[in-house]
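# Understanding the architecture of this molecule
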2 protein chains.
Amino acid sequence: MSSTPDFNEKQIQILLVAETLFAEKGFDGTSIRNIAKEAKINIAMVSYYFGSKERLLESLIFYRTKDLKIQIENLLVEDLEPIAKINKLIALYINRINSNKGIFRILHFEMATQKKELNIKSFYDLRKSNLKSLEAIITEGQDKGVFRKDISIPLITPTILGTFFHFHMNKEYFMDLLNINTEDLYNNYINVNLTKHIQQTIKALLIYES
Amino acid sequence: MSSTPDFNEKQIQILLVAETLFAEKGFDGTSIRNIAKEAKINIAMVSYYFGSKERLLESLIFYRTKDLKIQIENLLVEDLEPIAKINKLIALYINRINSNKGIFRILHFEMATQKKELNIKSFYDLRKSNLKSLEAIITEGQDKGVFRKDISIPLITPTILGTFFHFHMNKEYFMDLLNINTEDLYNNYINVNLTKHIQQTIKALLIYES
DNA sequence: ATAAAAATTAAACAACTGTTTAATTTAAAC
DNA sequence: GTTTAAATTAAACAGTTGTTTAATTTTTAT
C-alpha cells in the first residue's frame, strides 16, 4: 500500500506555482523551467521532490482533492427539505469549484487527453463519494413523493458541473456577452446568477410533472 | 478584408490528421513532426501551406466551423410548437457536436488557455448566430404563454452544451459508471439517453411553474 | 566537533521543438 | 519544348524540453 504523502513547505510552494501555470497554459504548455523560475527554485528540485513532471501533476491533484471530501457529507445529515438540500449542495459545489478554479480547470482538461496514465485514485474516490451523496438526497426526495422518479441521477452531475464549466471555460465570451467588466463582477455573477440558474434548472427537472 | 481561404486536397488531408491529433493529445502535446508522419508528408509542408502551427489550428477551426451555420437557421421557419423546436434544436446540437467531437474538443479546451491569440471570428459568429436562434424560439414560446419568463436565456446554452461536454470529457469515467463497454453503445447512449436527459431538463426549466 | 542526511546548485545530456533554407522534382502555361 | 510556377525534399537552425549528474552547501543527529 502507498502511504499518503505529506508535503513540506517547499513542496507546497512548488505545487502552488505549478497549479497556477498548468491552469493558465496547460500541462504541456508549461515547462519545468517556467515553474522553477516562478517558484524561485532550481530546476532540479522538481525531479528531486516529485520524481518527474507527471508525478508533480499527480501530487498536485492529490494535494488539492484530499481535503475536499468532508464538506459534502456533512450536508446529508442536516434537517432540511430535499429541495433545500439540493440547492445547498449546488451552491456548495459551485462555490468550492469556483474557489479552486485552478485545479479543476487542470483536471477538466488533462483528464480529457487520455495519454497520461495518471494515478488519480483520490479524485475518482471523491467523485464516487459525491455521486453517492447526491443519490441519497434524491432518493430521499423521491420517497417523500416530492421528486419525480423518471430521471437519470448520474446525468445530474454533468448538468450541474457542465453548466458551470462551460460558462467558465468560455469566460471571455460570456464576459463580453453579458457586459461583465471586472473579475469581481464575474465572480459575483457566478455566485448569484449562475448558481441560481443551475438551482432553478435542477429544481425544475426534479419536481416538474407534465 | 481577408478572403475566405479554400483548401486543396493535400491541405485538407493535413487538417484532418491535425484534428485527430490535437483532439487526442492537445495542441501543445502534438508536434508538427507527429502530424507530418501521420499524414505522410514532409515536415516543411505545414509551414509551406499554413505558415505556422498556430495558423494551422486557425485554418482547422475555420474549415470545420464555416459550414455548421446553415442547419440551425432552417429550424426557425419550421411549423412546430416551441417545445418541439427546442427538442429538435437540442437533438441537432448534440448530434452535430457528437459527430464533430474532434474539433469541438479542441475548441473547448484551446479556447480556455488564453495564451493563443487566435483569429477565430468564424467561431464567434457561429456562436452569436446560434444564440440568436435559441432566443427567437424561446421568446416565441414566451409570447405564446407556454414558456416561463423568469429564465436566463444566455445560460441555457451552457446547460445544453456543458452537460454534453462534461459527459464526453469524462467519457472513461461514465463508461465505467454506466457499464458502457463499446464505442457504439457509447454513441447510442449519447443519442438516446443523454439527449433525452438534456431535453427533459430544458423542457422542465422552460415550462415549470411552482 | 564530527558524521550522516538532506537540500541546493550549475552543468551537461540527448532528444525534441517550430521554422527556414536552398536544392530538386513535378506540374502548368505558353 | 521551354519557361515559369508550384510542390516536395533533406538538412540545418537555434531554442527548448525533461531529466540526470556530480559537486557543494546546509541542516540534522550524535
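Only a predicted model underlies this, so the values are computations on that prediction, with no experimental measurement involved.

### Digging into the overall build of chain A
- Within chain A, the secondary structure is distributed over 11 helices and zero strands.
- Listed by position from the N terminus, the elements making up chain A come as α-α-α-α-α-α-α-α-α-α-α.
- C-alpha atoms of chain A, sized along the principal axes, occupy 60 × 50 × 30 Å.
- Working note: accessible area of chain A is about 10,000 Å², and carbon and sulfur atoms make up 49% of it.
- Side chains of chain A carry 27 positive and 25 negative charges; the gap between the two charge centres is 3 Å.

### Observations concerning helix 6 (residues 82–98) of chain B
- Between its terminal C-alpha atoms helix 6 of chain B stretches 24 Å, which fits the 24 Å expected from 17 residues at 1.5 Å a residue.
- Residues of helix 6 of chain B that are buried: Pro82, Lys85, Ile86, Leu89, Ile90, Tyr93, Ile94, Arg96, Ile97 and Asn98 of chain B.

### Focus on the relation of the copies chain B and chain A
- Mapping chain B onto chain A leaves a residual RMSD of 0.1 Å; the transformation is a rotation of 180 degrees accompanied by 0.0 Å of translation along its axis. Expressed as a symmetry operation, the mapping of one chain copy onto the other fits a two-fold axis. Within chain B, the C-alpha atom positioned nearest to the axis of rotation is that of Gly162 of chain B, 2.0 Å from it.
- Mapped onto chain A, 100% of the interface residues of chain B again fall at the interface, so both copies present the same surface.

### Notes on the pattern of salt bridges
- Across all of its chains, the model carries 14 salt bridges over all chains by this definition.
- Across the pair Glu140 of chain B and Lys144 of chain B runs a salt bridge whose closest N-O atoms are separated by 3.6 Å.
- The exposure class assigned to Lys144 of chain B is partly exposed, which follows from its relative accessible area of 48%.
- Residues joined in a network through salt bridges with shared partners are Lys85, Glu140 and Lys144 of chain A.

### Quick look at the packing of helix 9 (residues 156–169) of chain A against helix 11 (residues 183–207) of chain A
All names here are of chain A.
- Direction vectors running N to C along helix 9 and helix 11 enclose 155 degrees, while the axes themselves pass 11 Å from each other. One element, helix 9, and the other, helix 11, form an angle in the roughly antiparallel class. The interaxial crossing formed by helix 9 with helix 11 has right-handed handedness. Along its contact with helix 9, which presents Ile156, Thr159, Ile160, Thr163, Phe164, Phe167 and His168, the element helix 11 presents Tyr186, Tyr189, Ile190, Leu194, His197, Ile198, Ile202, Leu205 and Leu206.
- Of the residues that constitute the contact of helix 9 with helix 11, the class distribution is 12 nonpolar, four polar and no charged.

### Topic: the interface of chain B and chain A
- Listed per partner, the contact involves 49 residues of chain B and 49 residues of chain A.
- Summed over both partners, the interface of chain B with chain A comes to about 4,500 Å²; 63% of that surface belongs to carbon and sulfur atoms.
- Across the chain B-chain A interface, the total number found is two salt bridges.
- Its salt-bridge partner being Lys128 of chain A, residue Asp176 of chain B comes within 3.4 Å of it at the nearest N-O pair.
- Elements represented by at least two residues in the side of chain B that touches chain A include exactly helix 1 (9–25), helix 7 (101–110), helix 8 (121–143), helix 9 (156–169), helix 10 (171–177) and helix 11 (183–207) of chain B.
- Split into classes, the residues belonging to the side of chain B that touches chain A amount to 23 nonpolar, 15 polar and 11 charged.

### As for the UniProt feature "domain: HTH tetR-type" (unreviewed entry) in chain A
- As annotated by UniProt and renumbered to match this structure, "domain: HTH tetR-type" (unreviewed entry) occupies residues 8–68 of chain A.
- Each end of residues 8–68 of chain A is marked by a C-alpha atom, and these two atoms are 20 Å apart; helix forms 74% of the span and strand 0%.

### Description of the side chain of Thr195 of chain B
All names here are of chain B.
- Note on placement: Thr195 falls in helix 11.
- In terms of polar contacts, Thr195 uses its side chain to reach the backbone carbonyl oxygen of Asn191, at 3.3 Å.
- Leaving out residues up to four positions away in the same chain, Thr195 has contacts with Ile90, Ala91, Ile94 and Ile190.

### Concerning the protein's contact with DNA strand C
- Residues in contact with DNA strand C amount to 16 residues; listed here are only the nearest, Met45 and Tyr48 of chain A together with Ile32, Arg33 and Lys53 of chain B.
- Contacts to DNA strand C include Tyr48 of chain A, whose side-chain N or O atom sits 3.0 Å from a phosphate oxygen.
- A distance of 2.8 Å is found between a phosphate oxygen of DNA strand C and a backbone nitrogen or oxygen belonging to Lys53 of chain B.
- Elements that contribute at least two residues to the surface near DNA strand C include exactly helix 3 (44–50) of chain A together with helix 2 (32–39) and helix 3 (44–50) of chain B.
- With four residues, helix 3 of chain A is the largest single contributor of residues to the surface near DNA strand C.
- For the surface near DNA strand C, the per-class residue count stands at seven nonpolar, five polar and four charged.

### Regarding helix 8 of chain B
- Spanning 23 residues, helix 8 of chain B covers 33 Å between terminal C-alpha atoms, matching the ideal 33 Å at 1.5 Å per step.
- Looking at the residues trailing helix 8 of chain B, positive phi occurs at Gly145 of chain B, about 80 degrees.

### Observations regarding the protein's contact with DNA strand D
- Surrounding DNA strand D, one finds 16 residues, the nearest of these being Ile32, Arg33 and Lys53 of chain A together with Met45 and Tyr48 of chain B.
- Considering DNA strand D, the proportion of its atoms within 4 Å of the protein that are sugar or phosphate atoms stands at 52%.
- A distance of 3.5 Å separates a phosphate oxygen of DNA strand D from a polar atom in the backbone of Thr30 of chain A.
- A distance of 2.8 Å separates a phosphate oxygen of DNA strand D from a polar atom in the side chain of Lys53 of chain A.
- Looking at the surface near DNA strand D, the elements that each hand over two or more residues are helix 2 (32–39) and helix 3 of chain A together with helix 3 of chain B.
- Per element, the largest residue contribution to the surface near DNA strand D is four residues, and it comes from helix 3 of chain B.

Cut-offs and rules
- Residues numbered from 1 in each chain as written.
- Chains lettered and ligands numbered in written order.
- Predicted model: local features only at pLDDT ≥ 70, side-chain atom pairs only at ≥ 80, totals over all residues.
- Heavy atoms only, no water.
- Helix = DSSP H or I, 4+ residues; strand = E, 2+ residues; numbered from the N terminus.
- Areas by Shrake-Rupley, 256 points an atom, 1.4 Å probe, with all protein chains shown as cover.
- Lys, Arg positive; Asp, Glu negative; His and termini not counted.
- Charge placed at Lys NZ, Arg CZ, Asp CG, Glu CD.
- Expected span 1.5 Å × (residues − 1).
- Buried < 20%, exposed > 50% of the residue type's maximum accessible area, 1.4 Å probe, protein only.
- Least-squares fit on C-alpha atoms with pLDDT ≥ 70 in both.
- Contact = heavy atoms within 4.5 Å.
- Salt bridge = Lys/Arg side-chain N within 4 Å of Asp/Glu carboxyl O.
- Axes fitted to C-alpha atoms, helices over the stretch in contact; angles between N-to-C directions.
- Parallel < 35°, antiparallel > 145°, perpendicular 65-115°, else oblique.
- Left-handed = near helix turned anticlockwise from the far one by under 90°.
- Nonpolar A, V, L, I, M, F, W, Y, C, P; charged D, E, K, R; others polar.
- Buried area = accessible area lost by both parts, 1.4 Å probe.
- UniProt positions renumbered as here; feature names shortened; annotations may be inferred.
- Polar contact = N/O pair within 3.5 Å; in protein donor to acceptor, adjacent residues only side chain to side chain.
- Near = heavy atom within 4 Å.

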